[in-house]
Amino acid sequence: MTQAESQLSQKGYLDIPVDPSLDLFAEITRLKNEKNAVLLAHYYQDSEIQDLADYVGDSLGLSQEAANTKADIIIFAGVHFMAETAKILSPHKKVILPDLKAGCSLADSCPAPLFRKFKEKHPDHVVVSYINCSAELKTLTDICCTSTNAVQIIESIPLDKKIIFAPDKNLGAYLIKKTGRDMVLWDGACMVHEIFSREKITKLKERYPLAKIIAHPECESHILDIADYVGSTSGLLNYTSKSDAKEFIVVTEAGILYQMQKANPHKTFIAAPPLNNCACNECPHMKRNTLEKLYVCIKHELPEIVLPDWVIKEGRASIDRMLEISAKAGL
Ligand code: 13P
Ligand code: SF4
């Protein structure tokens, strides 16, 4: 294998140099059109990637786009489980992710072999998994959900059925409160949504007494208890546009503030502070994607998401069920 070939391998893509004089914005747009590729980006991506994307959305919207796109290539500016979901939904398309190491602490908190044993201890339970989980976990799942449709998914399950909810214990606890259903929870959490400080948020609220506190349901219950509104990223974004309030304390990954500010230039958005003086309200996995990596990714169509056929086949049913229930609920 020549050096050039090895650089282009699934492993060597991060070493491919990028000419600093290139207009990456123009180049990415050109390559996208030339290759009939669609760029899907999550709200937690850097603003420049959001600006380049053909579609920016939450996990549900991104899955719906991946299922319906007419493009030949899906470039996923998000994390690994999202790109895997796109591959399951569009198995004959090439799905590429700028950095294969863009993982997710929540997905990692629930390894499939351990979950299989957990599931065996709770026979006769319907398994609902948050979409933030590996493709293999989806093969052990009856219905997936996202934070946008989680309530509707739980409510679609007959009352006499017992439920296991994985992997997010915080979203699970929120759903128990919201739906009144008893559920067995897997003990997983998101590293970003667990670092917010209730004390610091309360102090911020004293400085901005008219501000609405809005939070993602991946946050711990002591944070959700003080929120005026709880919802998915798209739910939070819609709330800020519809609300008469002029100030918002936003308790989720800070990337979403970009679209909030863009849609509401005269409103003020304050990112909720984490416990420490760190930038931990930014997801280190989401932020692994950069403009340079995105350029290399589309130019060389690497790295590609490859899944075994059985995972695609067995994982798909849980996502299809989720999309069916969402469509019926008008989501
Ligand atoms: P949503 O955008 O679906 O609310 O998910 C948030 C999240 O944590 C994605 O990793
Ligand atoms: Fe995973 Fe949390 Fe990052 Fe979302 S914000 S990708 S749940 S670690």
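See above for the structure.
Residues numbered from 1 in each chain as written. Chains lettered and ligands numbered in written order. Predicted model: local features only at pLDDT ≥ 70, side-chain atom pairs only at ≥ 80, totals over all residues. Heavy atoms only, no water.

K.L.:
How do you make sense of the site of ligand 1 when you look at a structure like this?
P.N.:
Around ligand 1 sit 13 residues, and of these His42, Ser59, Ser147, His216 and Thr233 come closest. In the environment of ligand 1, an oxygen atom lies 3.3 Å from a nitrogen or oxygen atom belonging to the side chain of asparagine 132. Glutamate 218 has a polar side-chain atom sitting 2.9 Å from an oxygen atom of ligand 1. A per-class count over the shell around ligand 1 returns four nonpolar, seven polar and two charged. (Near = heavy atom within 4 Å. Polar contact = N/O pair within 3.5 Å; in protein donor to acceptor, adjacent residues only side chain to side chain. Nonpolar A, V, L, I, M, F, W, Y, C, P; charged D, E, K, R; others polar.)

K.L.:
I'm lost on the nonpolar core in this one. Help?
P.N.:
As a rule of thumb, soluble globular proteins bury nonpolar side chains together. Ranked by internal contacts, the top residues of the largest apolar core, which has 68 residues, are Phe76, Val128, Phe165, Val251 and Met322. Contact partners of valine 128, with chain neighbours within four places excluded, come to Thr141, Ile143, Cys145, Ile153, Ile154, Ile157, Ile163, Ile164, Phe165 and Ala166. One finds Ala41, Phe269, Cys297 and Leu302 within the second-largest nonpolar core, a separate group that totals 34 residues. (Core = buried A, V, L, I, M, F, W, Y, C linked by side-chain atoms within 4.5 Å. Buried < 20%, exposed > 50% of the residue type's maximum accessible area, 1.4 Å probe, protein only. Contact = heavy atoms within 4.5 Å.)

K.L.:
Please clarify how the site of ligand 2 should be interpreted in this entry.
P.N.:
Taken together, Tyr44, Val79, Cys104, Ser105, Asn132, Cys190, Val192, Glu218, Cys283, His285 and Met286 form the complete shell of residues around ligand 2. Looking at the shell around ligand 2, its residues break down into seven nonpolar, three polar and one charged.

K.L.:
So what exactly am I meant to see when it comes to the side chain of asparagine 132 here?
P.N.:
Locating asparagine 132 in the fold gives a position in the loop between strand S5 (125–130) and helix H8 (135–139). By relative accessible area, asparagine 132 is classed as buried at 8%. (Helix = DSSP H or I, 4+ residues; strand = E, 2+ residues; numbered from the N terminus.)

K.L.:
Would you mind going over the state of the cysteines with me for this structure?
P.N.:
Two cysteines whose sulfur atoms are joined by a covalent bond form what is called a disulfide. In total, this model carries zero disulfides according to the counting rule given. The cysteine cysteine 133 is free of any disulfide, with cysteine 144 supplying the nearest cysteine sulfur at 5.2 Å. (Disulfide = S-S within 2.5 Å.)

K.L.:
Is there a simple way to explain unusual backbone geometry in this structure?
P.N.:
Peptide bonds are mostly trans, and most non-glycine residues show a negative phi. Of the consecutive residues alanine 166 and proline 167, the connecting peptide bond is found in the cis state with omega at -10°. Proline 303 follows leucine 302 through a cis peptide bond whose omega is -10°. Backbone geometry places asparagine 36, a non-glycine residue, at a positive phi of 50°. Within the secondary structure, asparagine 36 is located in the loop between helix H2 (24–34) and strand S1 (37–42). Judged by relative accessible area, which is 36%, asparagine 36 ranks as partly exposed.

K.L.:
Which parts of the structure should I look at to understand the pattern of salt bridges?
P.N.:
A side chain with one charge can pair with a side chain of the opposite charge if their charged atoms come near. Under the defined criterion, the tally for this structure stands at 13 salt bridges. In this structure, lysine 169 and aspartate 187 form a salt bridge, with 3.2 Å as the shortest nitrogen-oxygen distance. In this pair, lysine 169 sits in helix H10 (residues 169–179) while aspartate 187 sits in the loop between strand S8 (183–185) and helix H11 (198–207), placing the two residues 18 residues apart along the sequence. Taking the shortest distance from any N to any O, the salt bridge between arginine 316 and aspartate 320 comes out at 3.1 Å. Here arginine 316 and its partner aspartate 320 are both found in helix H16 (residues 309–328), four residues apart, which amounts to about one turn of the helix. For arginine 316, a relative accessible area of 28% corresponds to the partly exposed category. The partly exposed category is assigned to aspartate 320, whose relative accessible area is 25%. Put simply, Glu27, Arg30 and Glu34 are held in one network by salt bridges that share partners. (Salt bridge = Lys/Arg side-chain N within 4 Å of Asp/Glu carboxyl O.)

K.L.:
Sorry if this is basic, but what is going on with the sheet that holds strand S12 (residues 268–271) here?
P.N.:
Across the sheet, four strands lie side by side as S10-S9-S11-S12; this open sheet has parallel pairing. Unpaired on one side and paired on the other, strand S10 (229–230) and S12 mark the two borders of the sheet. As defined by bridge partners, strand S11 (residues 247–251) adjoins S12 across four bridges and the pair is classed as parallel. In the strand pairing of S12, valine 250 is matched with alanine 271. Of the strands in this sheet, strand S9 (212–215), S10, S11 and S12 touch helix H13 (residues 233–242), which is tilted by about 160° from S9. (Pairing = 2+ DSSP bridges. Axes fitted to C-alpha atoms, helices over the stretch in contact; angles between N-to-C directions.)

K.L.:
Honestly, helix H4 (residues 59–68) in this entry has me stumped. Any pointers?
P.N.:
Residues lying three or four places apart along an α-helix face the same way, a consequence of the helix completing one turn every 3.6 residues. Within the span of H4, buried status applies to Ser59, Leu60, Gly61, Leu62, Ser63 and Ala66. Buried residues in H4 make contact with S1, strand S2 (55–57), strand S3 (73–77), helix H5 (80–89) and H16.

K.L.:
Would you mind showing me how to read the packing of H4 against H5 here?
P.N.:
Between two packed helices, what matters for the description is the angle formed by their axes and the separation of those axes. Packing of H4 against H5 leaves a shortest axis separation of 8 Å and a crossing angle of 35°. Once H4 is placed against H5, the crossing between them reads as right-handed. Residues Ser59, Leu62, Ser63, Ala66 and Ala67 of H4 form the contact with H5, whose participating residues are Met82, Thr85, Ala86 and Leu89. A class-by-class count of the residues in the contact of H4 with H5 yields six nonpolar, three polar and no charged. (Left-handed = near helix turned anticlockwise from the far one by under 90°.)

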